[in-house]
Amino acid sequence: MKRINSFILFLLFISFSQPILADDGWVGTWATAVEPTTLKDMPAFSLANRSIRQVVHVSLGGSELRLQLSNVYSSVPVEIKSVFVADAKEGSEIDVRSARYLKFNGKQKCVIKAGDSIYSDVFSYPLKPLQRLAITVCYGDSVPECGTSHRGSRTTSYIYNGTAKPKTRFVGTEDVDHWYNIAALDVKVDAPVVACLGNSITDGRGTTTNAQNRWTDFLAEGLDGKMGVLNLGIGGNCVLRNGLSDPAVIRFDRDILGQRGVKALIIFEGVNDIGGSIGNAEQVAQELIKVYGEMIDKAHAKGIKVLMGTITPFGKSFYDSRFHEAARLVVNDWIRDNKKADGFIDFDALVRDPQHPSQLIEAYSDDWLHLNPAGYEKMGKYAAEQIKKLLP
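Before going into details, it helps to say that this report is about the structure given with it. (Residues numbered from 1 in each chain as written. Predicted model: local features only at pLDDT ≥ 70, side-chain atom pairs only at ≥ 80, totals over all residues. Heavy atoms only, no water.)

**Digging into the overall build of the chain**
So, step 1. Within the chain, the regular secondary structure consists of nine helices and 22 strands.
So, step 2. For 392 residues, the compact-globule formula gives about 21 Å, and the C-alpha radius of gyration of the chain, at 20 Å, lands near that figure.
So, step 3. Counting every atom, the chain has about 16100 Å² of accessible surface; 53% of that belongs to carbon and sulfur.
So, step 4. The averaged location of the 45 negative side-chain charges in the chain is 5 Å from the averaged location of its 45 positive side-chain charges. (Helix = DSSP H or I, 4+ residues; strand = E, 2+ residues; numbered from the N terminus. Rg over C-alpha atoms; globule rule 2.2 N^0.38 Å. Areas by Shrake-Rupley, 256 points an atom, 1.4 Å probe, with all protein chains shown as cover. Lys, Arg positive; Asp, Glu negative; His and termini not counted. Charge placed at Lys NZ, Arg CZ, Asp CG, Glu CD.)

Structure representation (structure tokens):
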């Protein structure tokens, strides 16, 4: 028990201790919420002296870039032999001619200390809006048994035994649907950024692997690649406590306020707090409202406008109960009526069944809690309309 408590204190320390950097003209084109990894979410074999190719879907384009790598959830350093980026093609293939090696303090090799994150040196690259970018990380001898990751990548990462080069073929290798150590990609352009705080609905549960059809992907497309869109959703995450990974109340400073160039925030999280409540749904609803207010105040202090997303229906799912539904309605009433936020996005009204308002429209449902790509497209395009009104 003492060892578990010590580990929890370590996680809290690194969550609060990560510095919030000045924007300095940098804005985010892609980011993910990093998490502690369990063994079941790690590759079958250690990443030591192996290479992993990871694909991300960016929002903004630009010619000056920098990549952030994170090791915040490990007590062991990560040794990197090299990192290169390239335009992604099908599967593990890349456009070899586009490959660019990154440097860290002028060198290809770097070591990320335990509990730390680092940026690459600024590098030139003709990044196009809304393109897919492959990031190939080649590891050295030192890697943690359980690294810093993001479980819900919704894209396939390809692992090669050895140090990969741009012409290396990742054929017959191990594939995993997770990201490791990559945290953010910034560009130096004059454009606003929208950060999206959420759980598995934002993370993309119910989407098609490698199809980039999360609601945030449709949001970026609806904004025509002219605004940064950062998906900071985590599957199974809660706002208050419990759930998977650090709750939003703990990770908010790093995952939201720590991003670059954020001018608008969409808070769309709380369903797991309500659905996981046992005998205290009404209390949880009031706690959520209180913490939402605190998040709004923090964002406003940074000059960030806030849109609240109403919690979507979960009737017929494993969260379905009259107490949970009553709490959802209380929270949604506050989201629609409060004067603290700069507005709201009524996802609930958008995707609920008019005949059965506690349920999703069946054509948009994956499992009556998460939506399918058609539902996410509806949400993303609608959110883009609201963002354009907020940031004309």
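**Some remarks on the pairing of strand β12 (residues 157-161)**
Put simply, side chains in a regular strand alternate between the two faces of the sheet.
So, step 1. Here strand β3 (residues 50-57) runs beside β12; their pairing, made up of four bridges, is antiparallel. Residue pairing for β12: Ile52 is matched across the bridge by Ile159. (Pairing = 2+ DSSP bridges.)

**Examining the pattern of salt bridges**
So, step 1. As enumerated under the stated definition, the model contains 23 salt bridges in all.
So, step 2. In this structure, Lys128 and Asp87 form a salt bridge, with 3.1 Å as the shortest nitrogen-oxygen distance. Remark: Asp87 occurs in strand β5 (residues 78-87) and Lys128 occurs in the loop between β9 (123-127) and β10 (132-139); sequence separation between them is 41 residues.
So, step 3. With relative accessibility at 42%, the residue Lys128 sits in the partly exposed group. (Salt bridge = Lys/Arg side-chain N within 4 Å of Asp/Glu carboxyl O. Buried < 20%, exposed > 50% of the residue type's maximum accessible area, 1.4 Å probe, protein only.)

**Here we look at the sheet that holds strand β14 (residues 179-180)**
So, step 1. With antiparallel pairing, the three strands of this open sheet are ordered in space as β2-β11-β14. In this open sheet, the two strands that pair with only one neighbour each are β2 (35-36) and β14.
So, step 2. Pairing of β2 with strand β11 (residues 148-150) involves two bridges; the strand directions are antiparallel. Residue pairing in the sheet places Pro36 in a bridge with Thr148 of β11.

**Observations regarding the packing of helix α3 (residues 215-222) against helix α9 (residues 373-390)**
So, step 1. Their axes nearest at 7 Å, the elements α3 and α9 cross at an angle of 45°. Taken together, the axes of α3 and α9 lie oblique to each other. Of the two possible hands of crossing, α3 and α9 adopt the one that is right-handed. Packed against α3, whose contacting residues are Trp215, Phe218, Leu219 and Gly222, the element α9 presents Pro373, Tyr376, Glu377, Met379, Gly380, Lys381, Ala383, Ala384, Ile387 and Lys388 at the interface. (Axes fitted to C-alpha atoms, helices over the stretch in contact; angles between N-to-C directions. Parallel < 35°, antiparallel > 145°, perpendicular 65-115°, else oblique. Left-handed = near helix turned anticlockwise from the far one by under 90°. Contact = heavy atoms within 4.5 Å.)

**Brief notes about helix α4 (residues 248-257)**
Helical geometry: 3.6 residues make up each α-helical turn, so side chains three or four residues apart lie on a common side.
So, step 1. Among the ten residues of α4, eight are classified as buried, and the element is accordingly described as predominantly covered.
So, step 2. All buried positions along α4 are accounted for by Ala248, Ile250, Arg251, Phe252, Arg254, Asp255, Ile256 and Leu257.

**Re the nonpolar core**
Soluble globular proteins tend to bury their nonpolar side chains together.
So, step 1. Ranked by size, the top nonpolar core spans 78 residues in total, and within it Val83, Leu133, Ile135, Tyr139, Leu265, Tyr292 and Met308 carry the most contacts.
So, step 2. The leading source of residues in this core is helix α6 (residues 281-301), at ten residues.
So, step 3. Setting aside residues no more than four positions away along its own chain, Tyr292 makes contact with Val239, Ile267, Glu269, Gly270, Met308, Ile311, Val331 and Trp334. (Core = buried A, V, L, I, M, F, W, Y, C linked by side-chain atoms within 4.5 Å.)

**With respect to the side chain of Thr207**
So, step 1. Secondary-structure assignment places Thr207 in the loop between α2 (200-203) and α3.
So, step 2. Thr207 gets classed as buried once you look at its relative accessible area, which sits at 16%.
So, step 3. In this structure the side chain of Thr207 is engaged in a polar contact, spanning 2.6 Å, whose partner is the backbone oxygen of Gly204.
So, step 4. Contacts of Thr207, omitting those with residues within four sequence positions, involve Arg154, Asn213, Arg214, Pro373 and Tyr376. (Polar contact = N/O pair within 3.5 Å; in protein donor to acceptor, adjacent residues only side chain to side chain.)

**Quick look at the packing of aromatic side chains**
Aromatic ring pairs are defined here through the distance separating the ring centres and the angle between the ring planes.
So, step 1. Per the stated rule, a full pass over the model turns up nine aromatic pairs.
So, step 2. Aromatic side chains Tyr160 and Phe170 sit 5.6 Å apart centroid to centroid with 50° between the ring planes, which places their arrangement in the tilted category. In this pair, Tyr160 sits in strand β12 while Phe170 sits in the loop between β12 and β13 (174-176), placing the two residues ten residues apart along the sequence.
So, step 3. When its relative accessible area of 25% is taken as the criterion, Tyr160 is described as partly exposed.
So, step 4. With a relative accessible area of 5%, Phe170 lands in the buried category.
So, step 5. When the ring of Tyr292 is compared with that of Trp334, the centres are 6.0 Å apart and the planes differ by 25°; the resulting orientation is stacked. (Phe/Tyr/Trp six-rings, centres within 6.5 Å; stacked < 30°, edge-to-face > 60°.)

**A look at the sheet that holds strand β20 (residues 343-345)**
So, step 1. Taken together, five strands build an open sheet; the order of strands is β17-β16-β18-β19-β20 and the sheet is parallel. Taken across any chain shown, the strands that pair with only one partner, and hence form the sheet edges, are β17 (228-233) and β20. Strand-to-strand twist of the sheet, defined as the mean angle between neighbouring strand axes without regard to direction, takes the value 25°.
So, step 2. Pairing analysis gives three bridges linking strand β19 (residues 305-309) to β20, with the strands arranged parallel. What sits directly across from Gly309, in β20, is Ile345.
So, step 3. Running at roughly 155° to β19, α6 makes contact with β16 (193-198), β18 (262-268) and β19 of the sheet.

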